[in-house]
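Coordinate analysis (summary)
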Amino acid sequence: SSRPLKQWYQRRVRGKNKEFKNASQREERVTCQEVRDRPGCTLIDVRPKVEFGICAIKDSVNIPFVDLMRMKKEDVAPYIPGDTTEPVFLFCRAGINSQIAVQFLKEHYPEHTFKDVIGGIFGWVQTVDPDFPVY
């Protein structure tokens with residue numbers, strides 16, 4: 001059932017900004033250039049599988065937002081590095097769902113650092129790779 005997800009979403013995110021544009025605080029966010037300058041970082045793409053199939057940033061893994069929000073901690077664990085000093089970067093198409101995913105993961109993995117990539121795929125195209133496919 002999606003009821004627990006809806007309750008969590010309303011409790012944790014909704015009160016921060018009615019349009020959900022700033023679910024994460026500034027210190028929880030990084031620019032696309034910062035991610036580009038960290039080769040080998042853990043990068044989780046929370047877009048739907050079909051969108052990930054159209055285009056994907058090199059070395060990113062796909063955990064669709066809806067799936068992530070329903071996963072048990074032990075199911076997410078293989079995607080989270082054991083080294084808690086290394087941040088995990090999350091992105092989506094425009095940067096909204098990834099902010100919400102950051103808040104969700106912070107609650108379940110407080111020992112780790114999660115960062116939203118500002119602007120998502122659109123930001124990547126604008127600031128890092130103008131030839132990256134956009135849909």
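In the block above lies the structure referred to throughout.
Notes on the structure follow. (Residues numbered from 1 in each chain as written. Predicted model: local features only at pLDDT ≥ 70, side-chain atom pairs only at ≥ 80, totals over all residues. Heavy atoms only, no water.)

1. Focus: the overall build of the protein
Per the secondary structure count, the protein includes seven helices and five strands. For the protein, the succession of helices and strands along the chain, N to C, is α-β-α-β-α-β-α-α-β-α-β-α. Here the protein holds 135 residues, and 43% of them are scored as buried. Of the roughly 7,600 Å² of accessible surface on the protein, a fraction of 51% belongs to carbon and sulfur atoms. (Helix = DSSP H or I, 4+ residues; strand = E, 2+ residues; numbered from the N terminus. Buried < 20%, exposed > 50% of the residue type's maximum accessible area, 1.4 Å probe, protein only. Areas by Shrake-Rupley, 256 points an atom, 1.4 Å probe, with all protein chains shown as cover.)

2. Topic: the pairing of strand β5 (residues 114-117)
Neither face of β5 is exposed, since F114 and D116 on one face and K115 and V117 on the opposite face are all buried. Where strand β1 (residues 29-30) meets β5, two bridges bridge the pair, whose relative direction is parallel. If you follow R29 over to β5, its bridge partner there is D116. For strand β4 (residues 88-91) and β5, the ladder comprises three bridges, and the chain directions are parallel. Looking at the pairing, L90 lines up with D116 of β5. Taken together, β4, helix α6 (residues 97-108) and β5 constitute a β-α-β crossover, and its handedness is right-handed. (Pairing = 2+ DSSP bridges. Right-handed = clockwise from strand over helix to strand, strands pointing away.)

3. So, the layout of surface pockets
Empty space within the largest pocket amounts to approximately 180 Å³. In terms of lining residues, the largest pocket is bounded by V35, R36, R38, P39, G40, C41, L43, I57, K58, D59 and W124. (1 Å grid on protein atoms, 1.4 Å probe; cavity = no way out; pocket = protein on both sides within 12 Å on 5 of 7 lines; lining within 4 Å. Points joined across faces, edges and corners; volume = space filled by probe spheres on them.)

4. Comments concerning helix α7 (residues 120-127)
Helical geometry note: an α-helix holds 3.6 residues per turn, so side chains three or four residues apart project in the same direction. Regarding α7, the residues found buried are G120, I121, G123, W124 and V125. Looking at the packing, one finds that the buried side of α7 touches α2 (32-36), β4 and β5. (Contact = heavy atoms within 4.5 Å.)

5. Description of the environment of A56
Along the chain, A56 falls in the loop between α3 (49-54) and β3 (61-62). A56 sits in the partly exposed class, given a relative accessible area of 33%. In sequence terms A56 and D45 are 11 residues apart; their C-alpha atoms lie 8.0 Å from each other. Residues within four places of A56 in sequence aside, it is in contact with R47 and F132.

6. Notes on the pairing of strand β2 (residues 42-45)
The two faces of β2 match: T42 and I44 on one face and L43 and D45 on the other face are all buried. Bridge count for β2 against β4 is four bridges, and the pairing is parallel. Looking at the pairing, D45 lines up with F91 of β4. Summarising the sheet, β2 and β3 pair through two bridges and their orientation is parallel. Bridge pairing links I44 to V61 in β3.

7. Structural notes on the side chain of E51
Positionally, E51 belongs in helix α3. A distance of 2.5 Å separates a polar atom in the side chain of E51 from a polar atom in the side chain of Y135. Leaving out residues up to four positions away in the same chain, E51 has contacts with R93 and Y135. (Polar contact = N/O pair within 3.5 Å; in protein donor to acceptor, adjacent residues only side chain to side chain.)

8. Let's talk about the pattern of salt bridges
Inspection of the entire model under this criterion finds six salt bridges. In this structure, K106 engages E28 in a salt bridge whose closest nitrogen and oxygen atoms are separated by 2.1 Å. Of this pair, K106 sits in helix α6 while E28 sits in the loop between α1 (3-14) and β1, and the two are 78 residues apart along the sequence. The class for E28 is buried, based on a relative accessible area of 8%. In this structure, D45 engages R47 in a salt bridge whose closest nitrogen and oxygen atoms are separated by 2.6 Å. (Salt bridge = Lys/Arg side-chain N within 4 Å of Asp/Glu carboxyl O.)

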